[in-house]
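Close look at the chain arrangement
Spelled out, the chains give:
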Amino acid sequence: MTSLSLTIDTPAGAVHATAGPRQNDAVVFELGGAMRGSVHVTGTHHPHHWDQFTAVRACLGPVNAYQSTAPDEDLPRLARSRTGYRGSLTLYRDAADRPQVTVYPMRTDADHELSEKTAAVLTAVLRACAEDVAQRADLPAIWDAARQRDTPSLLRFLIWSVSHHQAEAARLEGEARAAQPARRAAVADWWTVAHWFTAAPHPILLLMLADLPHSLARTVAVMQWLSPYCLDRAAEEHERARRAQAEVASLHAQQRRPTRRNTRGEVALTSATP
């Protein structure tokens with residue numbers, strides 16, 4: 001059941017948040033009591049699955065902070081303060097269907113850090129507003145509007161991400177290949193110095209053979225470690241590229257699926273990824 005007005009207990013006192021009529025992709029709450037101003041709540045993608053619009057984001061101010069910046073005079077304030085606050089919070093569910101919250105940096109309008117108490121107040125207000133929207137009957141329509149709004153920019157980022165991770169994987173694989181002859185050369189140099197030391201022992205030669213910083217022995221150890229390390233990192237980059245490519249394909253597929261409208265004319269979610 002969605003409430004039109006919330007009472008939120010915070011360290012600064014009770015904050016009242018009243019939801020206005022839903023806009024196409026958002027709900028704006030007007031604040032009263034211990035805070036004044038507004039909170040903008042919209043749908044967004046899951047933080048770990050960029051093709052799945054299953055999360056809710058609450059921003060301090062009357063606008064989506066990820067698309068535009070609210071003027072300083074429109075930022076929320078504590079009842080007895082002239083300081084405005086910026087920041088946002090994302091509410092989503094994890095793989096075990098437990099609610100999780102990611103809080104993004106909150107600062108004053110002068111870009112100062114917040115006290116622990118103020119941060120707790122703002123976080124409580126943002127979370128309460130996000131949780132209220134997450135229970136709304138029209139949440140699927142909010143998610144679908146968010147998908148239509150954000151998909152073009154997400155596709156641009158993910159397509160860039162695929163190329164970036166593939167290039168990084170290729171670079172790491174090149175380093176792994178280069179480490180092999182470098183290791184063999186370092187081993188050969190170590191044995192050459194070992195023969196010199198056997199023929200004419202000298203402290204300098206001993207330092208080159210010992211496992212010390214910048215010694216031949218340390219160079220051999222590093223080169224022996226470097227190749228498998230680079231290959232492991234390259235495999236991780238390939239997996240990131242694969243995931244990004246899968247999300248690109250998923251978003252393209254969702255764009256091609258038609259939406260339908262219910263009897264009230266609201267967009268119903270037919271293209272969500274489960």
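Parameters at a glance
Residues numbered from 1 in each chain as written. Predicted model: local features only at pLDDT ≥ 70, side-chain atom pairs only at ≥ 80, totals over all residues. Heavy atoms only, no water. Helix = DSSP H or I, 4+ residues; strand = E, 2+ residues; numbered from the N terminus. Rg over C-alpha atoms; globule rule 2.2 N^0.38 Å. Buried < 20%, exposed > 50% of the residue type's maximum accessible area, 1.4 Å probe, protein only. Contact = heavy atoms within 4.5 Å. Phe/Tyr/Trp six-rings, centres within 6.5 Å; stacked < 30°, edge-to-face > 60°. pLDDT = per-residue confidence, 0-100. Pairing = 2+ DSSP bridges.

With respect to the overall build of the protein chain
Assigned secondary structure in the protein chain consists of four helices and 10 strands. Overall, the protein chain shows an N-to-C arrangement of helices and strands of β-β-β-β-β-β-β-β-α-α-α-α-β-β. Its C-alpha atoms give the protein chain a radius of gyration of 28 Å, clearly above 19 Å, the size a compact globule of 274 residues would have. Once the C-alpha set of the protein chain is aligned to its principal axes, its extents read approximately 90 × 50 × 35 Å. Split into buried and exposed, the 274 residues of the protein chain put 42% on the buried side. Sequence separation of at least 24 residues holds for 53% of the intrachain contacts in the protein chain that already meet a minimum separation of 6.

Overview of the packing of aromatic side chains
Any aromatic ring pair is given by two values, namely how distant the centres are and how the planes are angled relative to each other. Per the counting criterion, the structure on display carries four aromatic pairs. For the ring pair Trp-50 and Phe-157, a centre distance of 5.0 Å and an interplane angle of 20 degrees mean the geometry is stacked. Separated by 107 residues along the polypeptide, Trp-50 in the loop between strand 4 (35–44) and strand 5 (55–60) and Phe-157 in helix 2 (residues 139–199) bring together distant segments of the chain. For Trp-50, a relative accessible area of 27% translates into the label partly exposed. Since its relative accessible area comes to 35%, Phe-157 is described here as partly exposed.

Considering unusual backbone geometry
In this structure, Asp-97 takes a positive phi of about 65 degrees despite not being glycine. Looking at the secondary structure, you find Asp-97 in the loop between strand 7 (85–93) and strand 8 (99–108). In this structure Asp-97 comes out as partly exposed when scored by relative accessible area, which is 49%. Although it is not a glycine, Asp-111 sits at a positive phi angle of roughly 65 degrees.

Considerations on the confidence of the model for the protein chain
Put simply, the protein chain has an average pLDDT of 88, and 93% of its residues get 70 or more. Predicted confidence is poor over residues 260–274, with pLDDT under 50, and the contacts of this stretch with residues over four places away or in other chains come to 32 contacts.

Re the pairing of strand 2 (residues 13–19)
Note: strand 1 (residues 5–10) against strand 2, six bridges, orientation antiparallel. Bridged to Thr-10 within strand 2 is Gly-13. Between the antiparallel neighbours strand 1 and strand 2 lie two residues. Alignment of strand 2 against strand 3 (residues 26–33), held across five bridges, turns out to be antiparallel. Paired with His-16 across the two strands is Gly-32, which belongs to strand 3. A loop of six residues connects strand 2 with strand 3, the two strands running antiparallel in sequence.

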